[in-house]
Amino acid sequence: MERNSTACGMEWSIELEMALRSKNSASHVEAILQIGQRLEQWNGEPETTMTMYNMFGLVPGEERLFANTIFLRLADSFLVGDKHIRVSVVKLFLSLLRHCRDKKKSKRIKGLLAKSRVHNHLELLKRVKVVYDTEDVESRALALVLFGCWADFAKDSAHIRYLVLSSLVSSNVSEVRASLFAAGCFSELADDFASVFLEMLVNIVTYSETVSAVRLAAVRVFAKMGCSYSIAKRAYKTGLKLVLDSSGEDFLVAMLVSLSKLACKSTLLIPEQVDFLLPLLGSEKTLCVRATALRCLHFIFVKGMCHSLINARVTKALFSMIDEPGLPSTMQCEALQILRQILPCTSLNLSCPDMPEFSELLAIVDNASQSPIASKRFRAIEVLVNIVVKFRRTEMGSGEVCTLPLPSQVVSLIIDQISLLVKPFLDLSQFNSTVFQEVQNLHNLLLLLVGEHPDLSILVLDKVHLFIEHLVNTYNNVVVRSQADSAVFLEFKEEQNKAIASKLVCIINRIVVSCLLSLNEAGAITNEVFEKVKLLVECVCQCSLFDCYTHTIYSLLLHSYIIWGFMVNGNEDAGGVDRHSHIFCQTDLIMHELFSLEFAHRMLIQRDNWPAYKAGIYAVCHGAWISADFIFAQLIMKVQSDSSCCWLKSLSQWIYSERIIQLLLLPKQGSISVNCLEIKEFLIMLSRDDLCELGQAVAGNTNELDYSQALVVAHQRICLAGNTLETNFTSGKTFCFQRWFLALRAKVLEALVEILRALSAFPYKQDNIQVGEGMMVESLKFLKQITQISFQLKSLSQEFDLIATSFIGMDIKSSKIIKALALSCSLLAVSTGFALYIPSLPVDETLTTCGLESSQNCSPLILIQNLVGRLWNLDRKTCTNLCMLLETRGWSQNCSHLQPRNPLLNNGYEVKDIVDVCRYSVSGIVCLQNEAKKVHNEEILSQVTKNGIQLLSKVILKWIRIPFRAPKYFFRVRPCVGSELFVSNADMRNRDRISVLKGSHLSLNLCLQLKNLPPDLPIQLTKFYCILYCVQKPASDGQSAEQLPSTTLAWERTDMVEMNEKLFQYVTGCTKKTNYGKRSRDNDIDIDGKLVTAFADFEPNKRGQGFSNCLLDVSKFPVGTYQIKWHSCCIDSQGSYWSLLPLNVEPVFTVRR
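Here is a short report on the structure shown in this document. (Residues numbered from 1 in each chain as written. Predicted model: local features only at pLDDT ≥ 70, side-chain atom pairs only at ≥ 80, totals over all residues. Heavy atoms only, no water.)

A few points about the overall build of the chain
Looking only at helices and strands, one finds 43 helices and eleven strands in the chain. Looking at the 1153 residues of the chain, the share that counts as buried comes to 56%. Surface summary for the chain: the accessible area is close to 49400 Å², and the carbon and sulfur share equals 52%. (Helix = DSSP H or I, 4+ residues; strand = E, 2+ residues; numbered from the N terminus. Buried < 20%, exposed > 50% of the residue type's maximum accessible area, 1.4 Å probe, protein only. Areas by Shrake-Rupley, 256 points an atom, 1.4 Å probe, with all protein chains shown as cover.)

Given below as structure tokens:
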């Protein structure tokens, strides 16, 4: 357990004392600097609780004593030290003051400078006042700054108030400025002081003898007069009057900034400030005033409190600045940036009278997008993209059409801008990071447009193709020119050009992928699209300007999972795809597989191992399993470290498994078999002759037995992949995600194998089956078997939910892919349990024999709820049909289902195919149910069973045809963020071990601590929660607690999903709360007392450490030693729920007589 600032307080105090006693003054400054950093860390931690005292063995109040001692020693140093020491002390408290202000938003944290935490504040003030009373003006100014830093307790001293106010009339500029700072700090906290100070502030500003530096400093203090609305309003009105009465530009500029900051402290003042700023944007004002007014508007709008103020006046004023000739480009860019921010928040009136004006505004932005200044051009394009995304073409009442910019026009504009950026660089080696950043920004805008308008994807593909052709032609011309004319002073750097061009085209590759995803989501992948992509790929792959990595990733486009899905499903429901064209696409697919293998082989020959590894990752993420298998298998022989070899070997085994499943989907066509032989010959040459042996054996076979055999092999390989990582990396903290994900994938394949074996053993395809008692027994046995599997699949879907929330920082795409896998498991669960929703089929006894601990977990209701919760935002009609199934069985139609992940799935490419199979499966089950309602004789029920089994068989085959998508997060091999729980007895008389007398409750002190927390974590964690539970089953017989075995890996625990669900319900407030905002019960016990649970909340500090306590009701436990199992989670600043993997052993306790 890491020691926090509270535990280190005594040590820090002693170290500071020793350093300050040194005769070397330089070490004094160094010690002050070090303690300042430590105080900032301490300042960000919650106040000390009894739990912290007990965990660290501290005396209550000890930390305050040492904190006050540190402050007192710093005050002594300020009193007796030289100038450098005094300046160092002042800088320390200024930094601490800024840190305290940053933490003010958190009500749970009181800063170290709060009056309630500084008990010796009178002694501090006394020492600083001694310095103030000296004749040294500079020291007096430093003392006043310290008074301002200590405003929380200094403001209550009448004598200090007098000193601050009296210093305002000093003849020394630095002393007056210091007193203004102190008075401003006091005014933020005390209304009565602010009221007096405001009168003096006006006198300072209006007094003619006041020097300019003091006057401007006084103007800046107006921003601090916001302790209450009455004072803020009075200060604001006073400031406005001063502006109107003054003609000085410097004064006006400073007051505009102060009034804008003051207005933002009260929403009631913002409309008036915006109205005041708008006229100052006019061309009759000076550039400095206009620039300041624009900057103030930007500041107000960034605060997000002005959405209701955005009107035609604001937008017209900004548009006019954009179109004004001679205005500095920086101001025009800022105006465009403001427009980009406010347009999504506004609702411009597009009715008939306003349309001409709006068209003029659009013309202004369009002209700005043609500006020769790159920054202005980009900002204008951003505004156009926002307009296109927000608004659609609308018909006016008169029948005319609105002249909003067409999305296609904006697309062309963006591509043209990319071309303009590239065109000046005949020698691509002259490219710099700025150009690349601009290309990347334009690329992001294009992705936004394609996401909102999938119909633009084909246009984008054409434009991208033209751009790459232009790039290639430019390169070829430069080559010819440099070779033909030696007098041309053009240093042609071929390798650098290749690297730059490849990087540029790789950015374009992401645009192509996004277009394909948008088309796939819209169901618009056609042979025309395939041909366009094919021509684009050929254009790239046939040019020597690009490196082998670029050639590889472009060639992989033609056999990614999108194209595979088009190929596999093309002859079924692909919307009129010609069968011959479909076969032609399949043939091309195999040929491009060969091209990808050749490019990958070149990379490996050239020893470009890192690009080859990246290409392998790209291949995996896009479902090109054959190419990925080849790349990683070759890399195994090239690495030298054992850990890298193990990682690559595991990857190769997993990829081989997915490759087997992919080859199942290829139809048995002669031309494809020939091309498979070509691939086999190519790989035999490279010592990889195992590719087509299994593939040719399974390709084209569609019966369950052959599928089952192939899936058995795939399951074995994926288990080997997990075992490889487990054997070589025994620590549960290494490759957590990879091992867990492979284990889940193996469980899914195992369940599929069991279903297919059961289907193959049941003769549902025979038409002449005699219905009898034996047949009904076999049917019930089969239904019972697959019903049990359905609940296993439901649990797997929940485990996929858990893995998606257990890795903080996972990218959105990977999270969506895992959520889609959870949806697919939930789909299989409902489909496999179809018999549960047909009342005539006597399968209710399976509910009590499905192998789960709780009968509630075996309820058919939870299968429906589990699927409806995932489909609710995707397909409401299918959800309605699912609820009808519940109604038939007499259950409530309450289909709400809490999902432990905040971003729900949208109807994107990740789930499109799964939703289609869901729709097919649910409609089939509804038909079965309707069929069973008609009659109840045994023959018809047997037919219903047979039809249900046939439906399940078709659903399984459709499910297998859905391309498997691997999350990119799989290749992030950093240690995962997890938690460690440290537990001690609340009874401090027995600190060596956790024990309790029989018949008593166990009171525990808890410390939850995050591990492997990266410094660049993009989210802020605000709250921790933990569930502790214990089963009345002794963990040892005669063994001491220290001899107990360590905990199993998190994903191997059978109760982890259930405990996470309970914890999630607790966190989301599903348990009742009292009027004081706390849950009515933070602990629970089952009926017979064999399972006890308790919940705990933690307030984390900046380093991810929190403290709490709990009470376990183990009064019914017999004498013995027991393990306390636990699971924890955290909530981030966005309200997202994240599960935390436990990284240390489970604590144990002893019940003694």
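What about helix α17 (residues 312–323)?
For α17, with twelve residues, the first-to-last C-alpha span of 16 Å sits near the 16 Å given by 1.5 Å per residue. Among all positions in α17, only Val314, Thr315, Ala317, Leu318, Phe319, Met321 and Ile322 are buried. (Expected span 1.5 Å × (residues − 1).)

What about the packing of aromatic side chains?
Taken as a whole and assessed by the stated rule, the structure comprises 32 aromatic pairs. When the ring of Phe737 is compared with that of Tyr969, the centres are 5.0 Å apart and the planes differ by 85 degrees; the resulting orientation is edge-to-face. With a gap of 232 residues between them, Phe737 in helix α36 (residues 736–761) and Tyr969 in the loop between α42 (938–960) and β1 (978–985) connect regions that are remote in the sequence. Both residues of the pair, Phe737 and Tyr969, belong to the buried class. Over the ring of Phe78 we find Arg86; its NZ or CZ atom is 5.7 Å from the centre of that ring. One cation-aromatic arrangement involves Arg745 over Phe964; the distance from NZ or CZ to the ring centre is 3.8 Å. (Phe/Tyr/Trp six-rings, centres within 6.5 Å; stacked < 30°, edge-to-face > 60°. Lys NZ or Arg CZ within 6 Å of the ring centre and 35° of its normal.)

Quick notes on the environment of Lys1116
Note on placement: Lys1116 falls in the loop between β7 (1105–1112) and β8 (1120–1123). Residues Lys1116 and Gly999, spaced 117 residues apart in sequence, show a C-alpha to C-alpha distance of 6.0 Å.

Section: the pairing of strand β6 (residues 1091–1098)
When you tally the buried positions in β6, you get six out of eight residues, the bulk of the element. Judged from the eight bridges that link them, strand β4 (residues 1021–1031) and β6 form a sheet pairing that is antiparallel. Across the sheet, residue Cys1030 finds its bridge partner in β6, namely Val1092. (Pairing = 2+ DSSP bridges.)

Details of the environment of Arg290
Within the element layout of this structure, Arg290 appears in helix α16 (residues 287–302). A relative accessible area of 3% places Arg290 in the buried class. For the pair Arg290 and Pro279, spaced eleven residues apart in the sequence, the C-alpha separation amounts to 9.2 Å. For Arg290, the residues in contact, after removing those within four places along its chain, are Leu280, Leu281, Gly282, Ser283, Lys285, Met321, Glu324, Leu327 and Met331. (Contact = heavy atoms within 4.5 Å.)

Structural notes on the packing of helix α13 (residues 229–245) against helix α15 (residues 270–277)
Viewed as axis vectors pointing N to C, α13 and α15 meet at an angle of 10 degrees, and their least axial separation amounts to 12 Å. Relative to α15, the element α13 lies roughly parallel. The residues of α15 that touch α13, namely those facing Tyr236, Lys237, Leu240 and Val243, are Glu272, Gln273 and Phe276. Looking at the contact of α13 with α15, its residues break down into four nonpolar, one polar and two charged. (Axes fitted to C-alpha atoms, helices over the stretch in contact; angles between N-to-C directions. Parallel < 35°, antiparallel > 145°, perpendicular 65-115°, else oblique. Nonpolar A, V, L, I, M, F, W, Y, C, P; charged D, E, K, R; others polar.)

Some thoughts on the packing of helix α11 (residues 191–206) against α13
Interaxial distance between α11 and α13 falls to 11 Å at its minimum, and their mutual angle equals 5 degrees. If you check the angle between α11 and α13, you find them roughly parallel. In this structure, α11 uses Asp191, Ala194, Ser195, Leu198, Glu199, Val202, Val205 and Thr206 to contact α13, whose residues at the interface are Ile231, Arg234, Ala235, Thr238 and Leu242.

With respect to the sheet that holds β8
With respect to topology, three strands assemble into an open sheet ordered β2-β11-β8, the strand pairing being mixed. Every interior strand has two partners, whereas the edge strands, β2 (995–997) and β8, have only one. Averaged over all pairs of adjacent strands, the angle between strand axes in this sheet comes to 25 degrees, irrespective of strand direction. Pairing of β8 with strand β11 (residues 1148–1152), which is carried by four bridges, proceeds in the antiparallel orientation. Within β11, the residue paired with Gln1123 across the bridge is Val1148.

Looking at the pattern of salt bridges
Inspection of every chain in the model, using the stated rule, returns 36 salt bridges. For the salt bridge of Asp801 with Arg870, the shortest nitrogen-to-oxygen distance reads 2.7 Å. Pair noted here: Asp801 is in helix α37 (residues 773–805) and Arg870 is in helix α39 (residues 860–871), with a separation of 69 residues, a long-range link. The exposure class of Asp801 is buried, given its relative accessible area of 3%. Salt-bridge contacts for Arg919 lead to Asp875; the nearest nitrogen and oxygen are separated by 2.9 Å. Residue Arg919 is located in helix α41 (residues 912–934), and its partner Asp875 is located in the loop between α39 and α40 (876–888); the two are separated by 44 residues in the primary sequence. (Salt bridge = Lys/Arg side-chain N within 4 Å of Asp/Glu carboxyl O.)

Side note on the pairing of β1
With seven of eight residues buried, β1 is to be regarded as a mostly interior element. Two elements, β1 and strand β3 (residues 1002–1011), share eight bridges in a ladder whose sense is antiparallel. Bridged to Asn985 within β3 is Leu1004. In this sheet, strand β10 (residues 1137–1142) lies alongside β1 in parallel orientation, the contact comprising two bridges.

A short note on the nonpolar core
Looking at soluble globular proteins, one finds that nonpolar side chains tend to be buried together. Of all hydrophobic cores here, the largest spans 316 residues; its most connected members are Phe93, Trp150, Leu180, Ile468, Phe632 and Trp654. For Trp654, the contacting residues outside a window of four places in its chain are Val620, Trp625, Ile718, Ala721, Phe741, Leu742, Phe964, Ala966 and Phe970. (Core = buried A, V, L, I, M, F, W, Y, C linked by side-chain atoms within 4.5 Å.)

Geometry only, nothing functional implied.
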